[in-house]
Amino acid sequence: MARRVDERMAAARAKHPPASALPLAPETFHRHRMAQAQRARTLGRLLVPLAADGSILLSRAPDVRAACADAFGPMRSPGADVHAVLPLRDLLGIIGAHEWRKKGVDVPVLGARIHPHYGVFAPVRGEYVTLVAEAPWPAGVAPDLAFDIGTGTGVLAAVLAHRGVPHVVASELDARAIACARDNVARLKLQDRVEVVQADLIPAGRAPLIVCNPPWVPGKPASRLEAAIFDPDSRMLRGFLEGLAAHLAPGGEGWLILSDLAVHLGLRAPGWLEAEVARCGLRVAGRVDARPSHPKSMDPKDPLHLARSREVTSLWRLAGG
């Protein structure tokens, strides 16, 4: 099924090849998203029956009870009654997430592994982690307090603590991400330095350093994981910029880590971010750039390869105006 769908998608792309110039027309991106959605709908029609304890009601099926418990919480006692049917595509994702949670993702700057939970975006793009690990401190020394906004797995909060920040407040709204971040903080034995709290964007108070790595593409997410990539109407990004000045301590900085992929896709105009920074009464105190090294940026068969090949991820050092 997947092969046939992919062949049709390739034929459709051949009829509408992307322009050779940047930025790409937004229609190129939207066609790509529509094709992805159609692929997901088609493959999602193959269903697998699950028993009440999360086991698959098929002969010779693998044991997926632990993976289902990770995704859905404790399952009911064993039994033959059907508890649910699940698309095979989703079940494979659950199994993959379970393996990632067990093995973890290597984070070289920590000298340790981060273990993502199901539904929480894994830190597989190392450039944004490296930027936070290497950016110079606002006043040349480690601040006594930092906020990490939308912490996810907790990886950036852990990096800040690893660099010497004695107290990091990591905020998150999603319950799964809060549990994931707390689990990783405990694994890394950073409970005395990193506090994970539930908050919508910036927590109460002021800090000399506030870090945020928001979703980098304006658009509607189609799944829980995509919420780490797509930001409808740039709500999180705008919310961070609009609230930053009121939460910065005197002389402090906000570190915004953001890819410019949306500009290359024609979804944001060049200079849009700088205009938003100025609108919010902030100024750019510096900027550090990194080129991506993930596989899609080097795959010429990817429909968005032209934009991905020019992508730059930047750490914007923002200060009060």
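Before reading on, note that the structure itself is shown above.
Quick caveat, the model's predicted, so the values are computed rather than measured. (Residues numbered from 1 in each chain as written. Predicted model: local features only at pLDDT ≥ 70, side-chain atom pairs only at ≥ 80, totals over all residues. Heavy atoms only, no water.)

Visitor: Mind showing me how you'd approach the overall build of the protein here?
Guide: A tally of regular secondary structure across the protein gives eleven helices and eleven strands. Here the protein, with 321 residues, has 45% of them falling under the buried criterion. Considering only residue pairs separated by 6 or more positions, the protein has 71% of its internal contacts joining residues 24 or more positions apart. When the accessible surface of the protein is totalled, it reaches about 16,000 Å², and 56% of it is carbon and sulfur. (Helix = DSSP H or I, 4+ residues; strand = E, 2+ residues; numbered from the N terminus. Buried < 20%, exposed > 50% of the residue type's maximum accessible area, 1.4 Å probe, protein only. Contact = heavy atoms within 4.5 Å. Areas by Shrake-Rupley, 256 points an atom, 1.4 Å probe, with all protein chains shown as cover.)

Visitor: Can you help me understand the pattern of salt bridges in this one?
Guide: Opposite charge on two side chains permits pairing when their charged atoms draw close. Throughout the structure, instances matching the rule amount to eleven salt bridges. The closest approach of N and O atoms between Asp 63 and Arg 65, which form a salt bridge, is 2.9 Å. Using a relative accessible area of 55% as the deciding quantity, one classes Asp 63 as exposed. For Arg 65, a relative accessible area of 38% gives the class partly exposed. The salt bridge partner of Glu 242 is Arg 279, with a shortest N-O separation of 2.8 Å. Note that Glu 242 is positioned in helix 8 (residues 235-247) and Arg 279 in helix 10 (residues 272-279), a separation of 37 residues in sequence. Residues joined in a network through salt bridges with shared partners are Arg 238, Glu 242, Glu 276 and Arg 279. (Salt bridge = Lys/Arg side-chain N within 4 Å of Asp/Glu carboxyl O.)

Visitor: What am I meant to see in the sheet that holds strand 8 (residues 207-212) here?
Guide: Strands in a sheet are paired, the pairing made by backbone hydrogen bonds, and the direction either parallel or antiparallel. Read from one edge of the open sheet, seven strands run 7-6-5-8-9-11-10, paired in mixed fashion. At either end of the open sheet lies a strand with only one pairing partner, and these are strand 7 (194-198) and strand 10 (282-290). This sheet shows a mean twist of 20 degrees between the axes of neighbouring strands, independent of strand direction. Inspection of the sheet shows strand 9 (residues 248-259) paired to strand 11 (residues 313-320) by six bridges, in the antiparallel sense. The residue of strand 11 that forms the bridge with Leu 258 is Ser 314. Set on the sheet, helix 6 (residues 155-162) makes contact with strand 5 (146-149), strand 6 (168-172), strand 7 and strand 8; between it and strand 6 the angle comes to about 175 degrees. Packing of helix 10 onto the sheet brings it into contact with strand 9, strand 10 and strand 11, and relative to strand 10 it is tilted by some 150 degrees. (Pairing = 2+ DSSP bridges. Axes fitted to C-alpha atoms, helices over the stretch in contact; angles between N-to-C directions.)

Visitor: I keep staring at unusual backbone geometry and nothing clicks. Help me out?
Guide: With glycine set apart, most residues show a phi of negative sign, and most peptide bonds adopt trans. Although it is not a glycine, Arg 60 adopts a positive phi angle of roughly 60 degrees. You can see Arg 60 is positioned in the loop between strand 1 (47-51) and helix 3 (65-72). Using a relative accessible area of 86% as the deciding quantity, one classes Arg 60 as exposed. The phi torsion at Ser 234 lies on the positive side, around 55 degrees, for a residue other than glycine. Looking at where Ser 234 falls in the secondary structure, it is placed in the loop between strand 8 and helix 8.

Visitor: Can you walk me through the side chain of Arg 317 in this structure?
Guide: With respect to the element layout, Arg 317 can be found in strand 11. Ignoring anything within four residues of it in the chain, the contact list for Arg 317 reads Pro 136, Trp 137, Pro 138, Glu 253, Gly 254, Trp 255, Arg 283, Val 284, Ala 285 and Gly 286.

Visitor: Teacher, can you tell me more about the nonpolar core here?
Guide: Generally speaking, a soluble globular protein has its nonpolar side chains buried in company with each other. Membership of the largest hydrophobic core comes to 34 residues, with the highest contact counts inside it found for Val 132, Leu 160, Val 194, Val 211 and Trp 255. Contributing elements (two or more residues each) for this core: strand 4 (112-114), helix 5 (126-134), helix 6, strand 6, helix 7 (175-187), strand 7, strand 8 and strand 9. Per element, the largest residue contribution to this core is seven residues, and it comes from helix 6. Those residues within four positions of Val 132 in sequence are excluded, and the remaining contacts are Leu 156, Val 159, Leu 160, Arg 163, Val 211, Trp 255, Ile 257 and Leu 315. Formed by 33 residues, the second largest nonpolar core is a distinct cluster that contains Leu 24, Ile 210, Cys 212 and Leu 261. (Core = buried A, V, L, I, M, F, W, Y, C linked by side-chain atoms within 4.5 Å.)

Visitor: So what exactly am I meant to see when it comes to the side chain of Arg 268 here?
Guide: For Arg 268, the position within the fold is in the loop between helix 9 (261-264) and helix 10. Within the local environment of Arg 268, its side chain forms a polar contact with the side chain of Ser 234, the two groups lying 2.9 Å apart. With near-sequence residues (within four places) excluded, Arg 268 lies in contact with Trp 216, Pro 218, Ser 234, Leu 237, Leu 258, Ala 262 and Val 263. (Polar contact = N/O pair within 3.5 Å; in protein donor to acceptor, adjacent residues only side chain to side chain.)

Visitor: Explain the pairing of strand 7 to me, please; I cannot follow it from the model alone.
Guide: Looking down a regular strand, the side chains alternate between one sheet face and the other. Of the strand pairs in this sheet, strand 6 and strand 7 are connected by five bridges, and their pairing is parallel. Note on strand 7: the bridge partner recorded for Ser 171 is Val 197. Following the backbone out of strand 6, through helix 7 and into the adjacent parallel strand 7, one traces a crossover that is right-handed. (Right-handed = clockwise from strand over helix to strand, strands pointing away.)

Visitor: Sorry if this is basic, but what is going on with the environment of Val 159 here?
Guide: Along the polypeptide, Val 159 turns up in helix 6. A C-alpha to C-alpha distance of 9.9 Å links Val 159 and Glu 134, two positions 25 residues apart in sequence. Excluding its chain neighbours within four sequence positions, the residues that come into contact with Val 159 are Val 109, Leu 110, Val 129, Val 132 and Ala 133.

Visitor: How should I be thinking about the environment of Ala 133 in this particular structure?
Guide: Looking at the element boundaries, Ala 133 is found in helix 5. You can call Ala 133 buried: its relative accessible area is 18%. Note: C-alpha distance between Ala 133 and Val 159 (26 residues apart in sequence) is 6.2 Å.

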